[in-house]
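Results of the structural survey
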Number of protein chains: 2
Amino acid sequence: MNKYLKIDPWCIIEEGFDSKRHQSSESIFSIGNGLIGQRANFEEDYSGKSLQGTYVAGVYYPDKTKVGWWKNGYPEYFAKVLNATNFIGIRIFVNGDALDLAKCKVLSFQRVLNMKLGVLSRNFVVEMPSGKQVEVTTSRFLSMAVPETGAIHYSLSPVNADVEIKFVPYLDGNVINEDANWDEVFWDQVTHEINGKEGYIVSRTKKTEFEIACGMFIKAFLDGKEILQNPMNVARAGYVEAAFKVKVAKKSRLAVYKHVAVLSSLYHDRKVILDHTKQVLKKSGETGFEKLLMAHVAKWATIWEHSDIVIEGDDEAQQGIRFNIFHLNQTYRGDDPRLNIGPKGFTGEKYGGSTYWDTEAFCIPFFLCTAPASVTRNLLLYRYKHLGKAIENGRKLGFTGGAALYPMVTINGEECHNEWEITFEEIHRNGAIAFAIYNYVRHTGDHNYLIEYGLEVLIAISRFWSQRVNWSDEKKQYVMLGVTGPNEYENNVNNNWYTNTLASWTLQYTIETIELVKHVDPSKYKGLIKKIRFKEREESSCWKDIIAKMYYPYLESEGIFLQQEGYMDKEQMTTEQLDPAQRPLNQKWSWDRILRSCFIKQADVLQGIYLFEEKYDTETILRNFDFYETRTVHESSLSPCIHVVLAARLGKMELAHRLYLRTSRLDIDDYNNEVSEGLHITSMAGTYLAIIEGFAGKRVREGRLVLNPQIPASWKTFAFKILFRDSQLKVDISKKKVVITNESAISVEVNVYNNDYAVASRSTVEIKRNKNNMGYELNK
Amino acid sequence: MNKYLKIDPWCIIEEGFDSKRHQSSESIFSIGNGLIGQRANFEEDYSGKSLQGTYVAGVYYPDKTKVGWWKNGYPEYFAKVLNATNFIGIRIFVNGDALDLAKCKVLSFQRVLNMKLGVLSRNFVVEMPSGKQVEVTTSRFLSMAVPETGAIHYSLSPVNADVEIKFVPYLDGNVINEDANWDEVFWDQVTHEINGKEGYIVSRTKKTEFEIACGMFIKAFLDGKEILQNPMNVARAGYVEAAFKVKVAKKSRLAVYKHVAVLSSLYHDRKVILDHTKQVLKKSGETGFEKLLMAHVAKWATIWEHSDIVIEGDDEAQQGIRFNIFHLNQTYRGDDPRLNIGPKGFTGEKYGGSTYWDTEAFCIPFFLCTAPASVTRNLLLYRYKHLGKAIENGRKLGFTGGAALYPMVTINGEECHNEWEITFEEIHRNGAIAFAIYNYVRHTGDHNYLIEYGLEVLIAISRFWSQRVNWSDEKKQYVMLGVTGPNEYENNVNNNWYTNTLASWTLQYTIETIELVKHVDPSKYKGLIKKIRFKEREESSCWKDIIAKMYYPYLESEGIFLQQEGYMDKEQMTTEQLDPAQRPLNQKWSWDRILRSCFIKQADVLQGIYLFEEKYDTETILRNFDFYETRTVHESSLSPCIHVVLAARLGKMELAHRLYLRTSRLDIDDYNNEVSEGLHITSMAGTYLAIIEGFAGKRVREGRLVLNPQIPASWKTFAFKILFRDSQLKVDISKKKVVITNESAISVEVNVYNNDYAVASRSTVEIKRNKNNMGYELNK
């Protein structure tokens, strides 16, 4: 853990320049707008260690699979989001010497990410080898309001002498991925154009043939007066620049504005993409930096209005949660069902920017509370659109009759991953996708989604489960063999309780949804069963048989659900008995030792209890929690948040708060010494859930919003807004009371501490907190 | 299956040239002498598809590991035997046109591998594009008598016109491996030299710095008269040639002799390796082709004298078994404990020429019967010398106190393999290495090996087993979790019966060996326990506890040992129920489907019953055999032979013979369409065992040789010799009798059909075969 960055409720602040931390800061200070994202690389040249990263949503390359030993069924490629044209570049020379923070003396340095405004800025003073000092101020943003644009303001002022500044704004499309299986170049350069202060590059991905058009437009001012000189232009394949030389007197100020536009062939026909880029850039130039920025900030204000969590009494926690909310909103806009959320978002190359079950299990519950229903709906549609490929994937693995196995890792619906124990066996993802449909409908009340899209997906997934189990003559029950549960520290196990539970639940929910759709829209239903050749009687009676006779491993002596068969044959230890020098296990132990041990990477049985909490009484939850929490090493960033929710549910607020700290500042404080690779974007949603579902006890039960707020001892108050069906509620929680304000036009019924409250439109309900009114029955 | 090659008892014969089969023939016609080996590449240029392969024993390169996803504990590299200097090359031009079988019209073609003589030859007539026809005869061998040498005789005769022949003998060290993880070049060229008819290249492997010196010396004759012209020499890094132009009249004959020497730094100091090569080559030239060949043939005669199996009445079977014996002897000489036997020997690059448990489980029983004890002893010493590295390997995986885990795949004692389920979990190899010691001592009576080396290895392996099991509180027994048995179609299973059985046996045998060594040589024993810090009382009492309380999965209802826990939860099917179109499963099914199915790749429980047969009564063997044989798909070349031995043991001779056919001609008839990659060298030993331990029923029990011969219905007789302790017996088996001839100087006691016979020196015993005397009690 590194307490390196300053604590501030709205900003991330780095004081002083430490080249060893630069790559980590490049991740942490990343900016994005859901369409474009980039690491906090410097505008000027930097010869120190840096991971250059500019990413454009949905633009990927099928990087040929690299494995040691091929297994039948492995995919041919891993789809990767690409490092794209560097559009921030402004090379600076002071009296001919390159400004390079790795080579100059840095006299002062501050880097700030203002999360309220969505602006990344720097202020620094350097001394050049010549002794000349310059002060530099930069700020940039990728517009939330006009998502294909961004703007950079770069200003310099000589401190101790008159100097000649050469500045060279450029676009550079000749970029590579550090994470490339075979060191291939992923881009072809299509065309380039430079015309004075205005330049363009069009690049095309090999194989997938996406095109990205990138444009820049430069304005420069000396002490407020525009510089009218014609720049020196350089152009070659994939590269354009416009160089200016200006004499700048001591204390004078040179200000450069670089407007950029980044358009992709996802939204523009390749024939006109360059023209469109020119139009977008022209408009951006006309609007001007200040107005663009204002629109961008206004857009952020709206986002914060819905999604902020305000914590009083703990700035560290405040900064942590805002950091998480900020990055989630930078990564996903929710207006295009072709896009999704990679575990590292736009902050690094690892995991290829691809989609995992993280989206369904963590991000969807976040967006349900903080964004209009359409945002989550688009995440569901993403999977709906991939249904054909999921069925094809199932077919490749030997499943028939329209059974769908969604990929573990994907961009375009095709499986990318190549570890057999995950690719083929971590099939609970299929259940997460089904559960997300249920979760969406439960939260939004949008039953129509089931009719239009949801049921088709549910049936295809149920078909998979029904073939994936087999009848055990030995047990006289259905078993599911050879799976990997959420706890990836066990591979190829039989009867993972979580997976069996999720499978059985999916079958049940599908049967219920069939009834609903049949009832609500019989003709739609008829159309669907014809389309997918659904034999209702035959298939659903098979499903009912499986539901009735599914095997669930259970440990009688402890009264707990058993993670998988054979778990109790392991040497039983708790994390307290582990030598701290042996942790994290995934860095200290060989893989087989990890597999043999009883230690759990991330919530598995507890993940299931989290999903289906209402099925279990508190004593059952407590027994399972106490057993598994002491065996869980939380070596996945997705783990602690689920434990927070359950710990809070059980009134274990101290433990809940301790685990919360681990998740909320994971990246800011670089707990695992790996933030240089990128941020843990999807686990950030888990942090949000830790507060909302954990501390605030948010649930949806029988169509009603349920809250059971508790508050960590060290916090004074916390407050958030929540979108629920067509209303928005503001919830203020202090030690003494819970105040719920209905900001919407309709009345909402909320259950707090087991009492129902009807909160009328634009009105407030205050609920006192006292001994009998503090959360769950187990609170002490 | 391809019935492409001609049947002949001593030769492999290809009639006619089929370029599509050329790579397969390159494998099948490979020659070697244990020090050098090569594929049957053509001497002249060939522009068609070819896998060039020349290999030198023990010379390897650590090819950097390539995996998709790294697991803790994976090795940094895979050690590969290398494609080395091409020394056979003789480029031929007819009136300036290159002789290239891919481009000329091949009028006739015959390729013959004479296994009796160990000579590869070709005879063909081609028509050049010019219409000129030449007849070519070639033969070559790698000397068994003088193993660092080889010789090639290449002769041409114009058929229909006088022509000018240019012939260019050369050495080419600029070769690559097709199987290279990162397309690296593995060789540096050290020096080269060409001096008229004599040329040299010295190459050095990168990283490992082995040196190979290669020399050639040319003689040429026109119609028997030596050609005295000075050749045109060309030399560059890694390449030398000597070119001659000769006018050859129609029907005249040009004969070229190319003597070669290949010396490696395993046997020669790098300072003098070139000088030594010159000396070896000089001597070879002085000896001359004919005499070299005679010495080579004489050496093969001795090998055949010990190892031949003569089958009357079935030339196909005869050719098959000789092919297997021939290649085993080409691969391993047994005079250097640094060398071992790769699954493909010197016939291809796959599996990197590395050592697997194949050596202990299959090759050692072969060499025990057919070669002096020293040969097997060297195979054991190979592992003894790697003990330190095996302990280091154990330490890397978390084992302590001198516990050894031998690598799954190795050349120099370090683990090379990188599939976690094999590298870390297929640990039964450790037991195979212990069993090989037992097998060697049982067959040879060399107890001294135990004192000098064997016990130290056994203790280190026992230490591993004792840490690899853990106590199950649930079962109140010791369990072994997370292993892969010989049946690699199951991964990461708990309590594999075979592995548990082998572990327990190792502990028991180690305890017995301790007693023996303590008794026979107390001072050696004291020295050993001090050296390895063996705490006898503590460690062996722990072992005894494990032996007493080991868990063995058992299926009560069928009375069989269960392959692993949970096996009966699978959908039970037999291979007869499998659609033939679905086979081989490893090409048709995805990996997870294979893992979930009940189908078995290769003998697993049956492998254990094979090793410890005397512990089980016939009914038990029968029940297990019937259960598992019907579930085994034999998709490993190592599988059918074990089933043959047990089928014969159970009197199921028809099945035994059917399975035997599958193994004996696997490569000649290219059953699996993959022989182009190389031959299945180690499984060839299994074929030998199928006859000797299967049909002949050879066992060693209580220090005595046991035979229970049976004969397949289609064979008239079969005969073999067997080295047992200090004697050599000849065994002739016909339908009516078994004749045993003791060819050695001492009397031998043999048990045949449960009767003991003392066979005096140089005498013969004849045993009638009749109803009560036909093999095992179950014979029908």
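Summarised in this report is the structure supplied together with it. (Residues numbered from 1 in each chain as written. Chains lettered and ligands numbered in written order. Predicted model: local features only at pLDDT ≥ 70, side-chain atom pairs only at ≥ 80, totals over all residues. Heavy atoms only, no water.)

Of the two same-sequence chains, chain A is brought onto chain B (RMSD 0.1 Å, axial shift 0.0 Å) by a rotation of 180°. Each copy turns onto its partner about a two-fold axis. Across chain A, the rotation axis passes nearest the C-alpha of V67 of chain A, at a separation of 2.2 Å. The share of interface residues of chain A whose copies in chain B are also at the interface is 100%, consistent with both copies meeting through the same surface. (Least-squares fit on C-alpha atoms with pLDDT ≥ 70 in both. Contact = heavy atoms within 4.5 Å.)

A few words on the nonpolar core. F167 of chain A together with F167 of chain B are the most contacted members of the largest nonpolar core, which has 490 residues in total. Excluding residues that lie within four positions of it along the chain, F167 of chain B makes contacts with I90, R91, I92, I218, A220, A242, A243, F244, V246, L254 and V256 of chain B. (Core = buried A, V, L, I, M, F, W, Y, C linked by side-chain atoms within 4.5 Å. Buried < 20%, exposed > 50% of the residue type's maximum accessible area, 1.4 Å probe, protein only.)

Another aspect to go through is the pattern of salt bridges. Inspection of the entire model under this criterion finds 107 salt bridges over all chains. Through salt bridges with shared partners, a single network forms among E613, E614, R649, R699 and R701 of chain A. (Salt bridge = Lys/Arg side-chain N within 4 Å of Asp/Glu carboxyl O.)

Here we come to the packing of helix 6 (residues 373-385) of chain B against helix 9 (residues 428-444) of chain B. Between two packed helices, both the angle of their axes relative to each other and the distance between the axes serve to describe the pair. Residue and element names in this part refer to chain B. Two elements in contact, helix 6 and helix 9, have axes whose closest approach is 11 Å; the angle formed by their N-to-C orientations is 155°. Considered as vectors, helix 6 and helix 9 are oriented roughly antiparallel to each other. As for how helix 6 packs across helix 9, the hand of that crossing is left-handed. Here A373, T376, R377, L380 and R383 of helix 6 lie close against helix 9, whose contacting residues are I433, A436, I437, Y440 and T444. (Axes fitted to C-alpha atoms, helices over the stretch in contact; angles between N-to-C directions. Helix = DSSP H or I, 4+ residues; strand = E, 2+ residues; numbered from the N terminus. Parallel < 35°, antiparallel > 145°, perpendicular 65-115°, else oblique. Left-handed = near helix turned anticlockwise from the far one by under 90°.)

So, on to the interface of chain A and chain B. Where interface size is given, it is often the accessible area lost as the parts come together that is meant. Contacts between the two partners involve 48 residues from chain A, matched on the other side by 48 residues from chain B. Summing the contributions of chain A and of chain B, the shared interface buries around 4000 Å²; its carbon and sulfur component is 52%. If you look at where chain A meets chain B, you find 6 salt bridges. For D569 of chain A, the salt bridge goes to K475 of chain B, with nearest N and O atoms at 2.4 Å. There are 24 residue pairs in polar contact (both at pLDDT 80 or more) connecting chain A and chain B. (Buried area = accessible area lost by both parts, 1.4 Å probe. Polar contact = N/O pair within 3.5 Å; in protein donor to acceptor, adjacent residues only side chain to side chain.)

Residues and elements named next belong to chain B. Counted at 1.5 Å a residue, the expected span for helix 9 with its 17 residues is 24 Å, and the 24 Å between its end C-alpha atoms agrees. Across the 17 residues that make up helix 9, a large majority, 16, are buried. Positive phi shows up at G445, right after helix 9, with a value of about 75°. (Expected span 1.5 Å × (residues − 1).)

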